[in-house]
Amino acid sequence: MSGGGAPAKAVEPQPHPPKEQLPNISYCITSPPPWLDAAEAILLGFQHYLVMLGTIVIIPSSLVPQMGGGNEEKAKVIQTLLFVAGLNTLLQSLFGSRLPAVIGGSYTFVPTTISIILAGRFSDTSDPVERFKRIMRAIQGSLIVASTLQIVLGFSGLWRNVTRFLSPLSVVPLVSLVGFGLYEFGFPGVAKCVEIGLPQLILVVFVSQYMPHVIKSGKQVFDRFAVIFTVVIVWIYAHLLTVGGAYNGKAQKTQLSCRTDRAGLIDAAPWIRVPYPFQWGAPSFDAGEAFAMMMASFVALVESTGAFIAVSRYASATPMPPSILSRGVGWQGVAILLSGLFGTVNGSSVSVENAGLLALTRVGSRRVVQISAGFMIFFSILGKFGAVFASIPAPIIAALYCLFFAYVGAGGLSFLQFCNLNSFRTKFILGFSVFMGLSVPQYFNEYTAINGYGPVHTGARWFNDIVNVPLSSEAFVAGCLAYFLDNTLHRKDSAIRKDRGKHWWDKFRSFKGDSRSEEFYSLPFNLNKYFPSV
């Protein structure tokens, strides 16, 4: 053929390039909403307050009645837990990791706390309120001792030496199961009152994911404030069902889950009350319970390491240097210490649900989380007003969990972009650790549900908890297994180093070696010269 040229070569489709920081984040750590638009920052902070209320209310509502306390004690414990969460969130964002991480109650400490509640030495007290106080003082003593574990590991720099061997490959199972491992608090909670929980789940997905594309207002209103919009709508709907008599004559369990007037918190909460240390009396100490709580604290430490990494990702920060992770862990130990001193019936860790909210709103501002801490402290002191929001039906909160925990789990999967997924070593470590991280806790939890005690059942309760609690945590099992395999299977090979993403991760190992890390994680008020990174 004349005048013809060679056919154009087909363009090969290119994979998406890896991103060290997430794009399309509206406000990262160092770019908070402007003060001129204070209403936006306040509403975003209030959303974080609403989201963390779920755990704050659910844990005391479950534990306090078992301890012998009534609605008055339950309201005071919720106030105390809320007050301490506000303090710890401020301390963490100012002096700890400096991430927009909310520090609140943790389900990890619940099994050990229940073990203390069931201790036989409290059965000789006939007065339920006195029994409640005795158990509370025992929990306080064990938390105070357990806090030393994270304080020592964090501030001494020992945890830095552990986390410097992390790689993107070992981070994936840890962070993923920090989110996905909480599946039991998602749809099962929605199904406790499906006529309220399911509309909330559908509505929050529609408003946050579809509405911004249907109504293009130029401002990110629907995705940024989807929680407030949908919770108000469904809460009003649930209240109409309640006053309309939809649950009259229903089973007690149904009424507790569905009604908006059954929490008993509003009537029991005082108008104004400032929580204070040792409000339940002087803590008591038991060596076995302290050791068991220390193991729960270590499990929370591993889980919070994954949550810290997820928060840094969704705040569009650089990967956390090991020294900053260690500093954050040290201040989390201080958080557990404050929980023990004030008597919150529960330890503290990074709130996974609030990490998911960062992803939903695409706002990773430190200032927003500090505003939410202000709401926590304010409403913990004004008990009646805080009790109004604490009375939101649990299925509404569980519907939000479905979204937030999924975001955190997906945040862990995003680190696969730095790994070689065509490597059989990568496939084995990833698949085996995730599978065992789901399978082992499933066995332990099923065994406990059927028999009333864990697979390890000896005469020493503290020893049982030391073994059963960590092996019941999906994130702990998967994270530890991935960390061990990744650091023992031929890791010194240069090709394998690149397969596991270590070459990328090590760019951020030195706190002083990266100007962006300095910007994100440096302490305020020139405190670095007095308190250098551990």
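This one's a predicted model, so the numbers in the text were calculated from it and none came from an experiment.

A. How the structure looks around the state of the cysteines. Summed over all chains, the structure comprises one disulfide. In this model C193 forms its disulfide with C258; the gap between the sulfur atoms is 2.1 Å. Between C193 and C258 the sulfur-sulfur dihedral comes to about 125°; the bridge is accordingly right-handed. Of the two residues, C193 sits in the loop between α7 (187-190) and α8 (194-214) while C258 sits in helix α10 (residues 252-258), which places them 65 residues apart along the sequence. Judged by its relative accessible area of 1%, C193 is buried. With no disulfide of its own, C402 has C193 as its nearest cysteine by sulfur position, at a separation of 14 Å. Sulfur of C419: no disulfide; nearest cysteine sulfur belongs to C480 and is 18 Å away.

B. The packing of helix α3 (residues 110-117) against helix α4 (residues 128-155), seen in detail. Relative to each other, α3 and α4 sit at 135°, their axes nearing to 10 Å. As judged from the angle between their axes, α3 and α4 are oblique. Crossing of α3 against α4: the hand is right-handed. Two secondary-structure elements touch here, α3 through T113, I116 and I117 and α4 through R131, I135, A138, I139 and S142. Of the residues contributing to the contact of α3 with α4, the split by class is five nonpolar, two polar and one charged.

C. Molecular detail of unusual backbone geometry. Positive phi, normally seen in glycine, also occurs at F278, with a value near 60°. Residue position: F278 is located in the loop between α11 (265-268) and α12 (287-314). What makes F278 partly exposed here is its relative accessible area of 40%. Positive phi outside glycine occurs at R362, with the angle close to 60°.

D. Structural detail: the pattern of salt bridges. Tallying each qualifying case throughout the model produces eight salt bridges. Between R425 and D486 there is a salt bridge whose closest N-O contact spans 3.3 Å. Here D486 lies in helix α20 (residues 474-486) and R425 lies in helix α18 (residues 424-451), a separation of 61 residues in the sequence. As a salt-bridge pair, R500 and D486 come within 2.9 Å of each other at their nearest N and O atoms. Within this pair, whereas R500 is found in the loop between α21 (494-499) and α22 (502-505), its partner D486 is found in helix α20, the two being separated by 14 residues in sequence. The pair R500 / D486 is uniform in exposure class, with both members buried. One salt-bridge network, in which partners are shared between bridges, spans R121, E289 and R461.

E. Inspection of α8 at higher detail. A maximum bend of about 40° is found in α8 at V207. For α8, every residue scored as buried is listed here: I196, G197, Q200, L201, V204, V207, S208 and M211. Along its buried surface, α8 packs onto α7, α9 (226-243), α10, α14 (352-361) and α17 (394-413).

F. Structural view of the environment of L382. You can see L382 is positioned in the loop between α15 (366-381) and α16 (383-390). Overall, the relative accessible area of 18% leaves L382 in the buried class. Sequence spacing of L382 and F291 is 91 residues, and the spatial spacing of their C-alpha atoms is 36 Å. Every residue in contact with L382, bar those within four places of it in the chain, is listed here: W271 and I272.

Calculation rules
Residues numbered from 1 in each chain as written. Predicted model: local features only at pLDDT ≥ 70, side-chain atom pairs only at ≥ 80, totals over all residues. Heavy atoms only, no water. Disulfide = S-S within 2.5 Å. Helix = DSSP H or I, 4+ residues; strand = E, 2+ residues; numbered from the N terminus. Buried < 20%, exposed > 50% of the residue type's maximum accessible area, 1.4 Å probe, protein only. Axes fitted to C-alpha atoms, helices over the stretch in contact; angles between N-to-C directions. Parallel < 35°, antiparallel > 145°, perpendicular 65-115°, else oblique. Left-handed = near helix turned anticlockwise from the far one by under 90°. Contact = heavy atoms within 4.5 Å. Nonpolar A, V, L, I, M, F, W, Y, C, P; charged D, E, K, R; others polar. Salt bridge = Lys/Arg side-chain N within 4 Å of Asp/Glu carboxyl O. Bend = angle between axes of the 7 residues up to and from the residue.

This is a description of form; function is not addressed.
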